[in-house]
Amino acid sequence: MERLGGAAWIFILLIIAVGSGGANGSGGQWALLQKSIGVSAMHMQLLRNDRVVVFDRTDFGLSNLSLPAGKCRNDPNDTAVKHDCSAHSVEYDVLSNAFRPLMVLTDTWCSSGAVAPDGRLVQTGGFNDGDKAARVFQPCDGCDWEETQFALTERRWYASNQILPDGRAIVVGGRRQFNYEFYPKTGGSGSSDGVFSLPFLRLTRDVSENNLYPFLHLNVDGNLFIFANTRSILLDYRKNAVVKTFPAIPGGDPRNYPSSGSSVLLPLLNSQEAEVLICGGAPVGSYEKAMTGNFVGALATCGRIKITDASPKWSMETMPIGRVMGDMVLLPDGGVLIINGVRQGTAGWELGKTPATSPVIYRPEKPTGSRFEVQNPSQIPRVYHSTAALLRDGRVLIGGSNPHRLYEFYGKEYPTELSLEAFSPSYLDSSSSKLRPTITTPASGEKLGYGQNFTIGFKIPGGLTSSEPSVTMVAPPFITHSFSMNQRLLVLGVSKARTVSESAYTIDSSSPTSSFLAPSGYYLLFLVHAGIPSEGIWVQIQ
């Protein structure tokens, strides 16, 4: 990223070029992929083999998908069904649009996760017999969950994870857990195997001791940004020291579970600056009011702060649609998709109403006041326990929605939803097919070192326009409860494109310079031409 040069300005022009619709515009298309996968998608993670691991909790009874013959889950600790032959997790194959059941044993309710540098999904915590568990899923044919019940030191229910520059995950908070720890453990007597007090979490809890699923973002200096309800800090987790305290987000309204706004680290244009965006949530007292049947309107505000400034300040904006329990997805063209959720109430059983079925795209480089674009609505309400994941082809996979303690399909305003659908942003419209690039080299799976120069070969059916291409690199996140953990997008440095033959070109780029910018692991790399991204390829940074 040190070679960015004028690419930041190019990126700004490309973002402005993507679509002319403002807040009153519309765009995007919806497609139903699976009417039922048998399991509601409370948690979701895309892996490097273009398969998505989807799972729910295990303690609500039977799902609508059977395990393979002869497999059953026998759990004397289960609060619902102690002998259970139904699946609570599936592997969805994006390329074939097919799925298969997986066997998860310990309770994954409201757990967290991250992808390790080698591509394994490492999933932590939950409820009951899963609250100290770690589960690992290898991205390979026929693989299934591998579980260790007592892998964590403390109970981690509603905690958040962030993959670190050294390849470990930091696991922060959880219900009545005002501390953090690391996974995996080293197995030695070193201090990194312990639990570290974080008084900030105790100070920011509400009257119900809730500041659950805190928002975590790895800053470009290697420190950890932590946001809980209204306040945020920068933590040096190596020294267990707070190195910066940020001003409270204006308005005084909480943004974390159960108020459940959402947050992203905005696209990183260079190695010196980082901005955080937090959108939606619920006003103070909304949870208590919803418990009595009074569903307060969701917050329509977004706060944006440059966390690398010497004296950072929040800049507030207003969304066209108030939203709580929304998901925020970084798109390969640099836009932020805000999708799912409701317009009244909070997270929790039966505590949200009026689905926010119209997604919104936020364009971070447009002028204030013209950054939001309303998209075409879905016909399927996606309320509590919904998820959204970017796929390699640029679509966004949508699943989940179950605001009930059990699976309820009849007599409910918002029945349990077992379907999967895809939202295709307008950059996938057929009208853009002549502008859409195809990466020809390197092949998917390319390994890159830090600060490595490499060449991308690509084709464009209609030829290169006057706009220079840009290159983006996206870390697929672990998604649950309105927060996509470990999500980040980097804009890589590029040279001027060179013509090889008619409609065929090459461009030079360079990988991120350090693991502070991009922790080692698997990323999706896209080439963006005239605002239209290619299909991504997998690259491994190591």
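The residue count restarts for each chain, going from 1 along the sequence in the order it is written. Where local features are concerned, this predicted model is filtered to residues with pLDDT of at least 70; where side-chain atom pairs are given and counted, the filter is 80 or more; whole-chain, interface and lining totals use all residues. To get the side-chain values, take all heavy atoms of the structure and skip hydrogens and water.

## Notes on the sheet that holds strand S16 (residues 215-218)
Note the cut-off: Whether two strands pair comes down to DSSP finding at least two bridges between them. Helix and strand labels come from DSSP, where a helix needs a run of H or I of at least four residues and a strand needs a run of E of at least two; each type is numbered from the N terminus. Between N-to-C directions, angles span 0 to 180 degrees; the directions come from axes that are lines fitted to C-alpha atoms, helices contributing only their stretch in contact.
Here four strands make up an open sheet; going across it, the order is S16-S17-S18-S19 and the pairing antiparallel. Edge positions in the sheet fall to S16 and strand S19 (241-245), since each has one partner strand and no second. Across the sheet, the mean angle from the axis of one strand to that of its neighbour is 30°, orientation sign disregarded. For S16 and strand S17 (residues 224-228), the ladder comprises four bridges, and the chain directions are antiparallel. Its bridge partner being in S17, Phe-215 is matched across the sheet by Phe-227.

## Concerning the state of the cysteines
We count it as follows: Throughout, disulfides are identified as pairs of cysteine sulfur atoms within 2.5 Å of each other. The rule is simple: take the accessible area with a 1.4 Å probe, protein chains only, and divide by the maximum for that residue type; under 20% is buried, over 50% is exposed, in between is partly exposed.
The tally for this structure, following the rule as stated, stands at three disulfides. Disulfide partner of Cys-72: Cys-85, at an S-S distance of 1.9 Å. Because the torsion about its S-S bond is 90°, the bridge between Cys-72 and Cys-85 counts as right-handed. On the criterion of sequence distance, the pair formed by Cys-72 in the loop between strand S3 (51-55) and strand S4 (73-74) and Cys-85 in the loop between strand S5 (83-84) and strand S6 (89-93) is long-range, its members being 13 residues apart. The class of Cys-85 is partly exposed, set by a relative accessible area of 31%. Each sulfur in the disulfide pair Cys-140 and Cys-143 lies 1.6 Å from the other. Here the disulfide of Cys-140 and Cys-143 is left-handed, its torsion about the S-S bond being about -70°. By relative accessible area, Cys-140 is classed as partly exposed at 27%. Counting its disulfide-bonded cysteines in sequence order, the chain shows a connectivity of 1-2, 3-4, 5-6.

## Brief notes about the packing of aromatic side chains
The test is simple: A pair of aromatic rings is counted whenever rings of Phe, Tyr or Trp (Trp by its six-membered ring) have centres within 6.5 Å, and the orientation is called stacked for planes under 30 degrees apart, edge-to-face for over 60 and tilted otherwise. Only when the NZ atom of a Lys or the CZ atom of an Arg is both within 6 Å of the ring centre and within 35 degrees of the ring normal do we say a charge sits over the ring.
Enumeration according to the criterion identifies 25 aromatic pairs in this entry. In this structure an aromatic cluster arises from ring pairing among Trp-109, Phe-127, Trp-157, Tyr-158, Tyr-213, Tyr-257, Trp-349 and Tyr-384. Directly above the ring of Trp-109 sits Arg-57, whose terminal nitrogen or CZ lies 4.4 Å from the centroid. The residue whose ring lies beneath Arg-238 is Tyr-237, and the NZ or CZ to ring-centre distance is 5.0 Å.

## Quick look at the pattern of salt bridges
Operational definition: Criterion for a salt bridge: a side-chain nitrogen of Lys or Arg within 4 Å of a carboxyl oxygen of Asp or Glu.
Across all of its chains, the model carries 29 salt bridges by this definition. Its salt-bridge partner being Arg-73, residue Asp-78 comes within 2.6 Å of it at the nearest N-O pair. The exposure class of Asp-78 is buried, given its relative accessible area of 3%. The class of Arg-73 is buried, set by a relative accessible area of 1%. Between Arg-382 and Glu-421 there is a salt bridge; the shortest N-O distance is 3.2 Å.

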